[in-house]
Amino acid sequence: MILKSLTLKNFKSYSAETFSFHDRFNLIIGENAQGKTNLLEAIHFLLAFKPFKQLRSEEVMSFGSSECRLKGEIQSQAGFDEINILLDKNHKTLKLNGKVVYRTSNVSGKYNVVTFLPTDIDLVKGSPQGRRRYLDSIICSLEPTHLRDLKLYQRALSQRNAILVKTSSLTLDKIEVWDEQLAEIGSQVISRRIEFINKIKPLLSRMYKQTSGLDQDIEIHYKSSIELNDDLEQSYKHKLSLEFEQDKKRFHTTVGPHRDQISFFIDGKDASIYASQGEAKNLALALKVSEIEMISQILGRTPILLLDDITSELDSNRKKFLFRFLQDFTGQIFITTTSIKEILYKGHIRGFHIKDRIVRQKDIQT
Ligand SMILES: Nc1ncnc2c1ncn2[C@@H]1O[C@H](COP(=O)(O)OP(=O)(O)OP(=O)(O)O)[C@@H](O)[C@H]1O
Ligand SMILES: [Mg+2]
């Protein structure tokens, strides 16, 4: 899958710009605040139909404008696709090959994109919610039904919580219909997460050894609020009924995948608490590389990689590991930097030099 071109109108710092990309390696270079990250955000928006982080539409539109457009051409094994996105204050319209797509969930996962961001270390050191989100987002890109289930689960959970808040003298039989829904969908969500963890574990362990050069033991634990046995749905329902009185007092549902904890362990120690900065960076890098390998293996296609200013975060060994990986990677890469000296890639690259809102394109051999 290759993003051949991108046209932006009023997207953040780009008032009107067209980019024609290289099939392999695209380098976005410029001083601070020139729009390098904005360009990666636009590519992410086009391919994943959402920005990196939760931004409101008005934050994506250029200051003072009332609408923003993105257009991209993507080449894949199935042929050429043209994507058009129109954003205004209240609406987002997505067109795929000229036809309006009414539900983005129908096309999410169609194009795979993996980001490397300076904030990736938060996957190791940050909140359990961040790790749950990250894991779910990879599973969604591999299995679109997971996205549908997460939405259904969230809806059922909100409704159950609303009843817990509103209804005084609530009895278990009045809430049972929601418990059944939560148990049915929630057990699927948990099963998929565990299945994914079991698949990525050996890969992560191997990649961590390569990034760190150390023979440390890496584990991923899934700690569920539900007892994990053969009949997960049944044990889920049972747990909901056991916690019903507690939930009533607390006005919310205290068990389910929204409460489960995903933790990384290095040599038996919880990485979110005990990992050093260096260990956490190794683990985050190993995790990203494993994510790419998993997507390539399972879907049989390489994702597009977006690396934002990542080299400034890495020491020389980790940088060498990353560029060895990128050198062997067969898909398309977009990387931002303030200095070409940071880029250890050898081969043909297309450079986009951005200065004072002017983009200059140049093919280089490194
Ligand atoms: N909605 C918007 N409309 C116009 N300009 C915007 C908008 N949002 C952000 N910008 C501008 O974009 C610039 C930042 O762009 P970006 O984050 O892409 O910089 P960068 O080149 O990645 O810099 P750095 O090297 O510091 O990471 C800022 O000057 C900011 O004011
Ligand atoms: Mg930036």
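Residues numbered from 1 in each chain as written. Chains lettered and ligands numbered in written order. Predicted model: local features only at pLDDT ≥ 70, side-chain atom pairs only at ≥ 80, totals over all residues.

A. Layout of unusual backbone geometry. Located in the positive-phi region is Phe49, a residue other than glycine, with phi close to 65 degrees. Within the element layout of this structure, Phe49 appears in the loop between α1 (36-48) and α2 (57-60). Owing to 18 C-beta atoms within 10 Å, Phe49 belongs among the partly exposed residues under this scheme. Although it is not a glycine, Asp267 adopts a positive phi angle of roughly 45 degrees. Along the polypeptide, Asp267 turns up in the loop between β10 (261-266) and β11 (269-270). Its 13 C-beta neighbours within 10 Å are what place Asp267 among the partly exposed residues. (Helix = DSSP H or I, 4+ residues; strand = E, 2+ residues; numbered from the N terminus. Buried ≥ 20, exposed ≤ 12 C-beta atoms within 10 Å, placed from the backbone.)

B. Spatial organisation of the pairing of strand β5 (residues 79-88). Sheet topology note: the strand β4 (residues 67-76)/β5 ladder contains ten bridges and is antiparallel. Looking at the pairing, Cys68 lines up with Leu87 of β5. Counted between consecutive antiparallel strands, the loop separating β4 from β5 contains two residues. Pairing of β5 with strand β6 (residues 92-96), which is carried by five bridges, proceeds in the antiparallel orientation. Counterpart to Leu86 in the pairing with β6 is Thr93. Linking two consecutive strands that pair antiparallel, namely β5 and β6, is a turn of three residues. (Pairing = 2+ DSSP bridges.)

C. Summary view of the site of ligand 1. Around ligand 1, a shell composed of 16 residues is seen, among which Ser13, Asn32, Lys36, Thr37 and Asn38 lie nearest. Of the residues assigned to the shell around ligand 1, the class counts are three nonpolar, nine polar and four charged. (Near = placed C-beta within 6 Å. Nonpolar A, V, L, I, M, F, W, Y, C, P; charged D, E, K, R; others polar.)

D. Quick look at helix α7 (residues 232-242). Of the residues making up α7, those classed as buried are Tyr236, Lys237 and Leu240. Seen from one end, α7 has its buried residues packed into an arc of 95 degrees, which puts them on one side. On the buried face of α7, the contacting elements are α6 (172-212) and α8 (244-250). (Arc of directions from axis to C-beta. Contact = placed C-beta atoms within 7 Å.)

E. Here's a closer look at the sheet that holds strand β9 (residues 218-223). With antiparallel pairing, the three strands of this open sheet are ordered in space as β9-β10-β11. Each of the sheet's edge strands pairs with one partner strand only, and the pair in question is β9 and β11. Pairing of β10 with β11 involves two bridges; the strand directions are antiparallel. Opposite Ile266, over in β11, you have Lys269 as the bridge partner.

F. Local environment of α1. When the terminal C-alpha atoms of α1 are compared, their 18 Å separation across 13 residues agrees well with the 18 Å that a helix rising 1.5 Å per residue should span. Burial within α1 is extensive, with eleven of its 13 residues counted as buried. When we look at burial in α1, the residues that qualify are Lys36, Leu39, Leu40, Glu41, Ala42, Ile43, His44, Phe45, Leu46, Leu47 and Ala48. A positive phi of about 65 degrees marks Phe49, the residue just after α1. (Expected span 1.5 Å × (residues − 1).)

G. Region of interest: the nonpolar core. Ranked by internal contacts, the top residues of the largest apolar core, which has 71 residues, are Ala42, Ile43, Leu46 and Leu283. The element contributing the most residues to this core is α1, with eight residues. Both of domain 1 (1-112 + 304-366) and domain 2 (118-300) provide at least three residues apiece to this core. The residues contacting Ile43, other than those within four sequence positions of it, are Leu3, Leu6, Leu306 and Phe334. Counting residues in hydrophobic clusters, the runner-up holds 14 residues, among them Leu150, Trp178, Ile185 and Ile190. (Core = buried A, V, L, I, M, F, W, Y, C linked by C-beta atoms within 7 Å. Domains from an automatic or database assignment.)

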